[in-house]
Amino acid sequence: MSDNDLRTLMRDAVGDAPAREFSTPVIASAARARTRRRRAWYGVAGIGAAASVAAAVAVGGGLLGGPALAPVAQPTAAASSPAPDPGAIGLPTSLPVGETVAVVDAELPAGTTVGELAMDAAWTPAGTIELPLATSSGAAKLSIAVTASGCSADSAALGGASLDAIASAVCAAASQYPNPPGTVVDGGSIDPAA
Amino acid sequence: MGEDRDGAFTEWAQRTAQQLRGTAYLLCGDWHTADDVVQDALVRVYERWHRIRPEAATSYARRVVATAAVDRSRRPWRREVPSEVLPDRPSGAPDDGPDYDVVSALAELPARQRAVLVLRFFDDLSVDDTARVLGITPGTVKSSTSRGLDRLRELMRTPVLAGLDEEKP
C-alpha cells in the first residue's frame, strides 16, 4: 500500500462534486462590496472618534464651570441586560484570534505568512496583539492595535502599504463584533473567543 | 481592473477553482461551506490580482482556503460538544466495515492535522510547500502527517491506509 491509497480516497470523495461556476463579474462585485464595507467602517470609526472628542470637550467644559448639562436618564442594569444563563455557551463578542490570523494572513504579501502561534496568544485588554510572521528572510513580529481612535499595525518586516491593508482589514473584521478585541467580560475574565 | 486583467483572472480561476473546491470540501466537510470558502478566496485573489503572479495566486488562494477552514473549526459554535450517549450506527451498516468514509474521518481530526493531510495528499504539496501554506515548520508538518495518518487509520479501521507513514521529501 502507498500514499496513493489516501490520494485515491480523497479524489473519489470529491469526484461527485455538485456543479458550481464562479463568475468573474460576481467575484468583482463581491470585491467591490468588501472595499465599500471597509470604507464605511472607516467612516463610522471617524464619526465615533469625533463623538468621543466632543463628549470629552463637553465634560471638560462642565468641569471648568460651563453651563450645566441636564442629567441624562440611564437604563437600569435589570432593564438593559437579562440575567445571564450560567449554562449558556456564548458566541464571541469580540474579534477572535483565529479570525484575526485569517484576516492578517490574507493581507500579507506573497512569501510572508503568519507563523505558529504561541499557546497563550490572545488580544490584551488594551486591544493589542502580537503575531509571529514567517518571511523569506526569517521570523518577525507584527503588532496590531485596535483602539477607539483607530487601528494600527507595525512590523519591521512589512512595508507601509501592507501595514495599512492589515490595519484596515482588522478594523473591518473587529467592527463585526459588539465589543473591541480583548474586551473583559463576566467580571474579569477575558472573552474566551478573543 | 481592466478587461485584460479580468480575462487573465477568469482563465486562472477556471483552471484552479475545481481543485480549490476539492481542498475546501475535504477541509470543511460540506459543499456549501466549501463553496463559500472558495468564493471568499477568489475574491481576495481578485483584489490582489494586479500584485501577484498566477503561480503565487494559486498558493495564496490555497492558503486563504486552508486558513479559513482552520479558523471556522476553531469557532466555539463549530466545536464538538462532548456527549454522554454515542449515536447509533446507521441501521444496516455492516459490523466489519469501516466506521467512517474519508471525509467523516478527516472531520474528526484537529484542524491543522486535517489541513496538512489534505494539502499533502490531495493537493500533492511537498512538506516544505505545505509548511509555507500553513505558516508552520516542516517538522510540524511531518509530525502532523504521522499523527493524522495514525488517527485516520484508526477511524477508518481499514487496511487500505497501511503503509502511509513514509514521508515524501
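Residues numbered from 1 in each chain as written. Chains lettered and ligands numbered in written order. Predicted model: local features only at pLDDT ≥ 70, side-chain atom pairs only at ≥ 80, totals over all residues. Heavy atoms only, no water.

**What to know about helix α6 (residues 127-134) of chain B**
All names here are of chain B. Val127, Thr130, Ala131, Val133 and Leu134 are the residues of α6 that are buried. Seen along its axis, α6 keeps its buried residues to an arc of 165 degrees; they face one direction. Just beyond α6, the residue with positive phi is glycine 135, at close to 70 degrees. (Buried < 20%, exposed > 50% of the residue type's maximum accessible area, 1.4 Å probe, protein only. Helix = DSSP H or I, 4+ residues; strand = E, 2+ residues; numbered from the N terminus. Arc of directions from axis to C-beta.)

**Comments concerning the confidence of the model for chain A**
All names here are of chain A. Taken over all residues, the pLDDT of chain A has a mean of 75, while the share at 70 or more is 71%. Confidence, read as mean pLDDT per element, is least for helix α3 (residues 77-80) in chain A (44) and greatest for strand β3 (residues 138-147) (89). Within the model, pLDDT remains below 50 along residues 75-82, and this stretch shows one contact once partners closer than five positions in the same chain are excluded. Ignoring residues within four places in sequence, the model shows residues 84-89, a span with pLDDT below 50, making zero contacts including any to other chains. (pLDDT = per-residue confidence, 0-100. Contact = heavy atoms within 4.5 Å.)

**As for the interface of chain A and chain B**
Taken together, the contacts link 43 residues of chain A with 55 residues of chain B. Across the chain A-chain B interface, the total number found is three salt bridges. Of the charged contacts, one joins arginine 34 of chain A and glutamate 47 of chain B as a salt bridge, the two residues approaching to 2.3 Å between their closest N and O atoms. The tally of links from chain A across to chain B stands at nine residue pairs in polar contact (both at pLDDT 80 or more). For the side of chain A that touches chain B, the secondary-structure elements that each account for two or more residues are α1 (3-15), α2 (24-63), α4 (97-107) and β1 (113-114) of chain A. (Salt bridge = Lys/Arg side-chain N within 4 Å of Asp/Glu carboxyl O. Polar contact = N/O pair within 3.5 Å; in protein donor to acceptor, adjacent residues only side chain to side chain.)

**Details of the packing of α4 of chain A against helix α5 (residues 160-174) of chain A**
Any two packed helices are characterised by the angle at which their axes cross and by the distance between the axes. Residue and element names in this part refer to chain A. Between α4 and α5, the shortest axis-to-axis distance is 9 Å and the interhelical angle comes to 145 degrees. Where α4 crosses over α5, the handedness of that crossing is right-handed. On α5, the residues touching Glu99, Val103, Val104 and Glu107 of α4 are Ala165, Ile166, Ala169, Val170 and Ala173. Looking at the contact of α4 with α5 residue by residue, the class counts come to seven nonpolar, no polar and two charged. (Axes fitted to C-alpha atoms, helices over the stretch in contact; angles between N-to-C directions. Left-handed = near helix turned anticlockwise from the far one by under 90°. Nonpolar A, V, L, I, M, F, W, Y, C, P; charged D, E, K, R; others polar.)

**Description of the sheet that holds β3 of chain A**
Residue and element names in this part refer to chain A. Taken together, the four strands give an open sheet; going across it, the order is β1-β2-β3-β4, and neighbouring strands pair in antiparallel fashion. Lying at the two open borders of the sheet, with one neighbouring strand each, are β1 and β4 (150-154). Of the pairings in the sheet, the one linking strand β2 (residues 128-135) to β3 comprises eight bridges and is antiparallel in character. Considered in β3, the bridge of leucine 131 is made with leucine 142. (Pairing = 2+ DSSP bridges.)

**Some thoughts on the environment of threonine 23 of chain B**
All names here are of chain B. Along the chain, threonine 23 falls in helix α1 (residues 3-28). When the C-alpha atoms of threonine 23 and alanine 69 are compared, they prove to be 9.8 Å apart, with 46 residues separating the residues in sequence. Residues in contact with threonine 23, not counting those within four places in the same chain, are Val65, Val118, Leu119, Phe122 and Asp123. Separated by 2.9 Å, the side chains of threonine 23 and aspartate 123 make a polar contact.

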